[in-house]
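Chains, contacts and geometry: an overview
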Amino acid sequence: MKYAEIEWNNGTPRSTQFDDVYFSTDNGIEETRHVFLQQNELPQRWAEAERFVIAETGFGTGLNFLVTMQSWLESAPPDARLHYISIENQPVSPGDIARLAGQWQELRTCVDDLLQVYPPPVPGMHLLELAGGRIRLHLIFDDIEVALEQINYKVDAWYLDGFAPSRNPSMWSERVFELIGRNTVTGGSFATYTASGQVRRGMTQAGFVVQKTDGFATKRDMLKGFIFEQRCYAVEKPWFTVPAFTVAAKHAIIVGAGLAGLTAAWALSRRGWDITLIDRHASVAEEASGNPAGLLMPRLTQDVTADARFYTNAYLYAIRCLDGLQADAEQPFWFKCGNVLVDSSGRLRSILQSHCYPDNFVRYTDAGLTEAVTGVELNHAALMFVDAGWVDVKRLCRQLAQACGQRLRYLQANVTDLVRVKGHWQVVSDKSDPVAAADCVVVTNGAMANHIPVLEWLPIRAVRGQLTLVEQTDLSRNIKCGISAERYITPPWQGKHVIGASYQREGSSAELSASDQQENLNAINRLIPPGFVQSELTGRVSWRAVSDDRVPVVGCVPDRAAFEQQYRDLQHGRPSRLYPAGAYLPGLYTSNAHGSRGLASCFISGEIVASLICTEPVPVEKDILDHVNPARFVIRKLKRSRC
Ligand SMILES: Cc1cc2nc3c(=O)[nH]c(=O)nc-3n(C[C@H](O)[C@H](O)[C@H](O)COP(=O)(O)OP(=O)(O)OC[C@H]3O[C@@H](n4cnc5c(N)ncnc54)[C@H](O)[C@@H]3O)c2cc1C
Ligand SMILES: C[S@@+](CC[C@H](N)C(=O)[O-])C[C@H]1O[C@@H](n2cnc3c(N)ncnc32)[C@H](O)[C@@H]1O
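Thresholds, definitions, all that
Residues numbered from 1 in each chain as written. Chains lettered and ligands numbered in written order. Predicted model: local features only at pLDDT ≥ 70, side-chain atom pairs only at ≥ 80, totals over all residues. Heavy atoms only, no water. Patch = residues over 30% accessible without salt bridge, like charges linked within 9 Å, V, L, I, M, F, W, Y side chains within 5 Å. Areas by Shrake-Rupley, 256 points an atom, 1.4 Å probe, with all protein chains shown as cover. Salt bridge = Lys/Arg side-chain N within 4 Å of Asp/Glu carboxyl O. Helix = DSSP H or I, 4+ residues; strand = E, 2+ residues; numbered from the N terminus. Pairing = 2+ DSSP bridges. Axes fitted to C-alpha atoms, helices over the stretch in contact; angles between N-to-C directions. Near = heavy atom within 4 Å. Polar contact = N/O pair within 3.5 Å; in protein donor to acceptor, adjacent residues only side chain to side chain. Nonpolar A, V, L, I, M, F, W, Y, C, P; charged D, E, K, R; others polar. Buried < 20%, exposed > 50% of the residue type's maximum accessible area, 1.4 Å probe, protein only. Right-handed = clockwise from strand over helix to strand, strands pointing away.

Taken together, the side chains of V209, F226 and F228 define a hydrophobic patch exposed on the protein surface, amounting to about 310 Å² of accessible area. Within the secondary structure layout, V209 lies in strand 10 (residues 208-214).

Dropping the structure here:
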């Protein structure tokens with residue numbers, strides 16, 4: 001994606017492509033207040049709200065968002081959350097957004113907050129948290145129709161703000177109106193600066209009661225409307241529709257105190273939930289998440305798959321979380337030095353060429369220039385992920401526990417079963433008595449996932465991995481960033497590097513293995529010159545949790561027996577609208593199978609789980625939510641079955 005080309009005339013930005021202005025030449029702030037806030041009856045409608053969802057077509061400079069943010073912070077209840085979804089296919093550069101603050105001093109703080117988290121122009125949904133979490137901006141960089149197809153929640157108020165319909169027809173198509181109608185709550189509203197007859201007809205057709213009203217400044221009229229009663233729409237994959245469960249108290253039990261459990265705990269504690277965190281060890285992060293170092297990397301592929309989109313956006317979200325957590329921490333655990341991924345075959349170059357990723361996300365470095373980037377001779381071209389880095393995973397987990405504060409209670413127990421009794425989940429340990437009970441349980445027990453009976457069918461296995469610690473050498477002390485190929489090495493920290501990691505599907509020994517260590521050293525010695533040699537075994541063994549399709553398993557846990565009954569004839573290909581919504585186990589969730597990329601995937605997964613629990617807009621697109629849904633394994637099996 002490229003930044004939009006903008007010309008500024010007397011404080012008004014104009015798109016050179018559409019030859020139209022981003023906001024009124026009379027007074028942009030007052031236009032936003034009149035058209036979008038007043039005609040949607042804001043802030044009155046959010047005065048009592050616990051949560052409010054606004055969606056906008058065309059984020060542009062962010063002016064509508066910033067004015068709404070200012071109003072929300074002044075007038076909404078302090079513990080309420082605004083979800084602001086905005087869609088944009090030509091992001092405006094941070095430099096152009098910053099010009100708004102020069103023009104309107106009253107917006108300066110909001111502009112600064114936005115720029116702190118504003119993502120690089122990479123397609124997909126970016127979850128940006130502002131004002132200490134009171135505002136969640138779901139910024140979707142994509143074409144309007146594609147993005148609207150992927151929205152998975154209902155909106156209270158719409159701001160329709162494409163360029164003029166005559167110049168920007170894609171923003172005002174029949175399909176766009178239809179999708180807006182579908183994604184609106186009963187009583188939900190819209191407002192737009194235009195009074196175009198085509199928009200009036202389209203929005204009426206989509207189910208809105210539409211009305212003309214006074215426009216702003218020189219514009220005589222504008223449109224507004226609301227949905228009196230929402231229609232029923234068929235759902236494409238009813239088995240992935242997760243129902244909303246009500247809970248009596250904001251208390252959840254989380255089983256497993258690794259990165260997946262702690263990111264879920266953090267996400268829930270920030271929503272005012274109390275957490276009982278249970279692990280079989282006496283303290284957090286004793287297994288995979290106890291590693292002294294891991295590299296944070298996205299996963300790029302030639303085709304734009306749901307998997308690649310999930311990891312790209314998860315990676316960017318993880319960076320924002322790590323930046324925030326590190327800023328509040330006393331000890332360093334996030335080393336934002338950049339990571340290179342070696343391109344020995346040229347495959348990565350072709351991926352990069354086909355995607356046009358921006359320079360502030362990833363750069364290609366030719367073989368002759370990699371030494372300047374990495375600090376050592378590499379002899380290979382490489383991708384440089386500029387904002388990436390390495391993480392002391394154990395310290396990160398401790399920091400997450402600390403960030404949950406008093407809301408987190410830790411309990412040591414080896415969980416053997418989860419039993420539903422009188423509408424609650426009882427957590428049973430090997431000491432047999434229930435150790436805790438709650439309406440809501442999140443299972444994040446990594447490689448042991450299917451040792452708990454309600455999850456025993458999940459195709460998740462343990463894959464052994466061994467890290468090696470080596471002393472720095474005169475040459476290796478120059479390494480400036482993480483370097484990754486078939487193995488990875490971190491820059492030196494306190495005189496040592498971490499080399500990771502072996503990958504053994506069948507390995508079950510917790511002892512360090514000499515041959516694994518040698519393989520780690522050989523792989524790095526083939527890549528860079530220091531020539532590491534060491535005889536004594538120094539490192540760490542732990543187990544990744546890996547699913548059959550190598551995709552994380554995140555979401556509500558299906559009632560497998562009910563699924564097999566409801567969808568038993570799925571292989572016959574009957575229309576999906578003939579099937580009921582999926583049966584899920586009330587209040588039971590999981591975040592698991594983070595494989596070798598948990599640093600990227602755990603933060604967004606914690607947010608997915610917390611959003612599902614609290615019935616909030618989920619921070620990933622609908623197809624990505626389906627892609628990670630635990631029910632996918634049951635559905636695939638039923639589709640393949642021959643009976
Ligand atoms: C060698 C190695 C190198 C890696 N390198 C990287 C890297 O460079 N970058 C990256 O992004 N990722 C890397 N990973 C992956 C990353 O470490 C994991 O994805 C992440 O730590 C997974 O966290 P988790 O919470 O799911 O699992 P874990 O950290 O394993 O946590 C699961 C927890 O559940 C508890 N538990 C299990 N069963 C029970 C039970 N019955 N009762 C109570 N508690 C239970 C366990 O005690 C454990 O604390 C690596 C993994 C390994 C093994
Ligand atoms: C009038 S401007 C939006 C102004 C914006 N709300 C603000 O506060 O600055 C219209 C925006 O719609 C975007 N846009 C145009 N066509 C689009 C499409 N097909 N999909 C997504 N966004 C589109 C443009 O890039 C532009 O930023």
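Next comes the rest of the account.
If you trace the 6 strands from one edge of the open sheet to the other, you get 20-13-12-24-31-30, paired in mixed fashion. Single-partner strands in this sheet number two, and they are strand 20 (408-412) and strand 30 (553-558). When the angles between neighbouring strand axes are averaged without regard to direction, this sheet yields 25°. Pairing of strand 30 with strand 31 (residues 584-592) involves 5 bridges; the strand directions are antiparallel. From the neighbouring strand, G555 faces strand 31, where its bridge partner is T590.

Taken together, the neighbourhood of ligand 1 is formed by 32 residues, with D279, S289, L295, V415 and Y488 sitting nearest. In the model, an oxygen atom of ligand 1 is placed 3.3 Å from a nitrogen or oxygen of the A288 main chain. Separating an oxygen atom of ligand 1 from a backbone N or O atom of G598 is a distance of 3.3 Å. Bound to the protein, ligand 1 loses 96% of the 1,000 Å² it would expose on its own. Those elements giving two or more residues to the shell around ligand 1 turn out to be helix 8 (259-269), strand 14 (294-296), strand 29 (539-547) and helix 15 (598-613). Looking at side-chain class alone, the shell around ligand 1 contains 11 nonpolar, 16 polar and 5 charged residues.

A separate point is the pairing of strand 8 (residues 155-160). Burial within strand 8 is extensive, with 6 of its 6 residues counted as buried. Sheet topology places strand 4 (residues 51-57) next to strand 8; 4 bridges connect them, and they run parallel. Bridging from a neighbouring strand, E56 pairs with Y159 of strand 8. Across 5 bridges, strand 8 lies against strand 9 (residues 184-192) in parallel orientation. The partner of V155 across the bridge, within strand 9, is T184. Note on the crossover from strand 8 through helix 6 (residues 174-182) to strand 9: the handedness is right-handed.

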